[in-house]
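Next come the chains, spelled out residue by residue.
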Amino acid sequence: MAERQESRLKRNLTFWNLMGVAIGQIIGAGIMTMTGTAIGMTGTGVALAFMISPVLTLITDFPQGILSSCAPAVGGPYKYVSRLLDKRFGFLYIVLFIISSSTLSLYALSFASYFVSLFTGMSQIFIAAVILTVLFVVNIIGTKQAAVVNTIICAVMTGAILAFAAFGLPKADFPYIFQTGHLFYKGVPNFMAALALLSFATGGASVICQLGGEAENPGRDIPLVMIISTVLVGIMYVLVALVAVGVFPIDKVADQNLTIVAFEVLPRPVYYVFVIGAALGATSSTLNAQLSWVTKPLIVACEDGLLPKSLATVTERGVAWKILTVFYVLGMGPILTGFDLGFISKLSTSVSLLQKVLVLASLWFLASKYPQCVGRTKLKIPVSLYRPWSVLGAVTAVVLASSLLASMPKQSVILLLGVLAVSWIYACAGLKKKEIPQDLDVDYIGGSQKKKESEK
């Protein structure tokens, strides 16, 4: 078997490196970026949605943890879909993945919105472009270095967010928050759409499944990190959401970032720490985390021949610099063209949920196609639960995606469906002669190409 570019990646990510990536991805994706949009959709129901969201996240996302424990792989979810379903679904997954990566611009723009609250008069577009460029350069240096940066940022922003909750909770009006008319501000359908939006917010930990091939002990660390980070950050989310909607009337905080409330509840020195440590830290850490894993599925897809192989070139530092540059350009596009944050949030979340449906469908076939991988996992989950869990998760993801798509402009939904239809037609016709390897149990990392053995 010829050497694949993914064999040049490094297996050097520890438990704490993965925890830094997971927490960084969750926090920035949720509290700092999407809370204001969710308040605009459902009022004080955002707090209730944050309570429910971690449960839905574990239903729809943890099967990726099961797959990663059984068969850790670079670009894990793509590899599971393409090997356990087939190349057509693998290509469709890549298309969905590229569309959902519009969140690169979302996090950069969110960072900029907080930055200009401190330094008024500066251009949000300029700041967003600068932070995306700086973190692109950090990730060109290497994944390990990017993970270390994220771990440091996470420590700072966690303290700042807890300070926001500690100072704000005594000032929150709890009777106001839990009035039925405020909880379902724009009706149950909009509450469901907000719940779908926030399911993406608490689902950030699943991105570490993309790093399965680079983790030192993926079979143990990936599922453990997913559970711990989701539960801990979920609790933090609820506390912050109660403050976000309990201090001012809904109309004042809807579709706004958290600086309005932070300015009211925090002592001035703590306010600046919050904006710098939590707001800027969270959004930048999420952006940094995404840049560290966003290339992985495309590396494998290029090696499979579904995309041009020349794109998959990996440097000595283990970075697919060409693919990373493509995503940098794609992330810069919405920034320079002035896309709305709310639209990007809804689009990327709904597409991300559709991706999960494909991954969940893959779990159905794991035990029958790769029993040797199932035998390797150390998770104490009966194999008999794999298929029921895949069905439950897929149904949940479809319901959430549908509720979110229903809240978007019809022309945007039609365009999305058109893109997916064209992609499927191309996958069926244009990729008919492509053959991809059935290699979930092959270890490529570090130049080796051997059957994976049980972890010690």
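Heads up: the structure comes first, above all this text.
Read on for an overview of the structure.

Here is what the cut-offs are and how they apply
Residues numbered from 1 in each chain as written. Predicted model: local features only at pLDDT ≥ 70, side-chain atom pairs only at ≥ 80, totals over all residues. Heavy atoms only, no water. Helix = DSSP H or I, 4+ residues; strand = E, 2+ residues; numbered from the N terminus. Rg over C-alpha atoms; globule rule 2.2 N^0.38 Å. Buried < 20%, exposed > 50% of the residue type's maximum accessible area, 1.4 Å probe, protein only. Contact = heavy atoms within 4.5 Å. Areas by Shrake-Rupley, 256 points an atom, 1.4 Å probe, with all protein chains shown as cover. Phe/Tyr/Trp six-rings, centres within 6.5 Å; stacked < 30°, edge-to-face > 60°. Lys NZ or Arg CZ within 6 Å of the ring centre and 35° of its normal. Axes fitted to C-alpha atoms, helices over the stretch in contact; angles between N-to-C directions. Left-handed = near helix turned anticlockwise from the far one by under 90°. Nonpolar A, V, L, I, M, F, W, Y, C, P; charged D, E, K, R; others polar. 1 Å grid on protein atoms, 1.4 Å probe; cavity = no way out; pocket = protein on both sides within 12 Å on 5 of 7 lines; lining within 4 Å. Points joined across faces, edges and corners; volume = space filled by probe spheres on them. Core = buried A, V, L, I, M, F, W, Y, C linked by side-chain atoms within 4.5 Å. Patch = residues over 30% accessible without salt bridge, like charges linked within 9 Å, V, L, I, M, F, W, Y side chains within 5 Å. Salt bridge = Lys/Arg side-chain N within 4 Å of Asp/Glu carboxyl O. Polar contact = N/O pair within 3.5 Å; in protein donor to acceptor, adjacent residues only side chain to side chain.

### Looking at the overall build of the protein chain
Okay, step 1: Looking only at helices and strands, one finds 20 helices and 2 strands in the protein chain.
Okay, step 2: For the protein chain, the C-alpha radius of gyration of 21 Å lies close to 23 Å, the compact-globule estimate for 456 residues.
Okay, step 3: The C-alpha extent of the protein chain, read off along each of the three principal axes, is 65 × 45 × 40 Å.
Okay, step 4: Every one of the 456 residues in the protein chain was classed for burial, and the buried ones make up 61%.
Okay, step 5: In the protein chain, once contacts between residues fewer than 6 apart in sequence are set aside, the share between residues at least 24 apart is 85%.
Okay, step 6: Carbon and sulfur atoms make up 69% of the accessible area of the protein chain, which totals about 16700 Å².

### Focus: the packing of aromatic side chains
The description of an aromatic ring pair rests on the distance of the ring centres and on the angle between the ring planes.
Okay, step 1: As enumerated under the stated definition, the model contains 16 aromatic pairs in all.
Okay, step 2: Ring geometry for F89 against W424: centres 5.0 Å apart, planes inclined by 50°, an arrangement best described as tilted. Separated by 335 residues along the polypeptide, F89 in helix α4 (residues 87–100) and W424 in helix α20 (residues 410–430) bring together distant segments of the chain.
Okay, step 3: With a relative accessible area of 28%, W424 lands in the partly exposed category.
Okay, step 4: On the basis of an interplanar angle of 25° and a centroid distance of 6.0 Å, the ring pair of F111 and F115 is categorised as stacked. You can see F111 and its partner F115 sitting in helix α5 (residues 103–118), 4 residues apart, about one turn around the helix. There is no split in this pair, since F111 and F115 are both buried.
Okay, step 5: Cluster of aromatic residues (ring-pair linked, three or more members): Y93, F97, W293 and F327.
Okay, step 6: The ring of F263 has R268 lying over it, and the distance from NZ or CZ to the ring centre is 3.9 Å.
Okay, step 7: A cation over a ring is seen here: K369 above F365, with NZ or CZ 5.4 Å from the ring centre.

### Some points on the packing of α4 against α20
Okay, step 1: Viewed as axis vectors pointing N to C, α4 and α20 meet at an angle of 145°, and their least axial separation amounts to 9 Å. Here α4 and α20 pass one another in a crossing that is right-handed. Touching R88, F89, F91, L92, V95, L96 and I99 of α4 are L416, V419, L420, S423, W424, Y426, A427 and C428, all from α20.
Okay, step 2: Tallied by class, residues from the contact of α4 with α20 come to 13 nonpolar, 1 polar and 1 charged.

### Overview of the layout of surface pockets
Picture a little ball the size of a water molecule; that probe, rolled over the atoms, points out where space is still empty.
Okay, step 1: Estimates place the volume of the second largest pocket at around 360 Å³.
Okay, step 2: Along its surface, the second largest pocket is lined by 20 residues, and S113, D255, Q256, N257 and L341 are the ones closest to its centre.
Okay, step 3: Elements supplying a minimum of two residues to the lining of the second largest pocket: α1 (15–42), α5 and α17 (341–369).
Okay, step 4: For the lining of the second largest pocket, the element with the most residues is α1, which contributes 7 residues.
Okay, step 5: Classifying every residue of the lining of the second largest pocket by side-chain character gives 8 nonpolar, 10 polar and 2 charged.

### Focus: the nonpolar core
Taken as a class, soluble globular proteins show a tendency for nonpolar side chains to be buried jointly.
Okay, step 1: Counting residues in each nonpolar core, the largest one holds 157 residues, and the members touching the most others are M32, F164, I208, F274, L287 and L366.
Okay, step 2: For this core, the element with the highest residue contribution is α1, accounting for 14 residues.
Okay, step 3: Those residues in contact with L287, other than ones at most four positions away along the chain, are L104, Y107, A108, I131, L132 and L135.

### Some remarks on a nonpolar patch on the surface
Okay, step 1: On the surface, L224, I227, I228, V231, L232 and I235 cluster together into a nonpolar patch covering about 470 Å² of accessible area.
Okay, step 2: Mapped onto the secondary structure, L224 falls in helix α11 (residues 218–246).

### A look at the side chain of N288
Okay, step 1: Note that N288 resides in helix α14 (residues 268–293).
Okay, step 2: The class for N288 is buried, based on a relative accessible area of 0%.
Okay, step 3: One polar contact links N288 to N139, side chain to side chain, over a distance of 2.9 Å.

### Looking at unusual backbone geometry
Okay, step 1: The residue D255 is not glycine, and still its phi comes out positive at about 60°.
Okay, step 2: Within the element layout of this structure, D255 appears in the loop between α12 (250–253) and α13 (259–265).

### Some thoughts on the pattern of salt bridges
Okay, step 1: Counted by the stated rule, this structure contains 6 salt bridges.
Okay, step 2: For the salt bridge of D439 with R83, the shortest nitrogen-to-oxygen distance reads 2.8 Å. On the criterion of sequence distance, the pair formed by D439 in the loop between α20 and β1 (442–443) and R83 in helix α3 (residues 76–84) is long-range, its members being 356 residues apart.
Okay, step 3: A residue is classified by how much of its surface remains accessible, and R83, at 1% relative accessible area, is buried.
Okay, step 4: In this structure, the salt-bridge partner of R220 is D221, at a minimum N-O distance of 2.6 Å.

Just distances and angles here, no functional claims.
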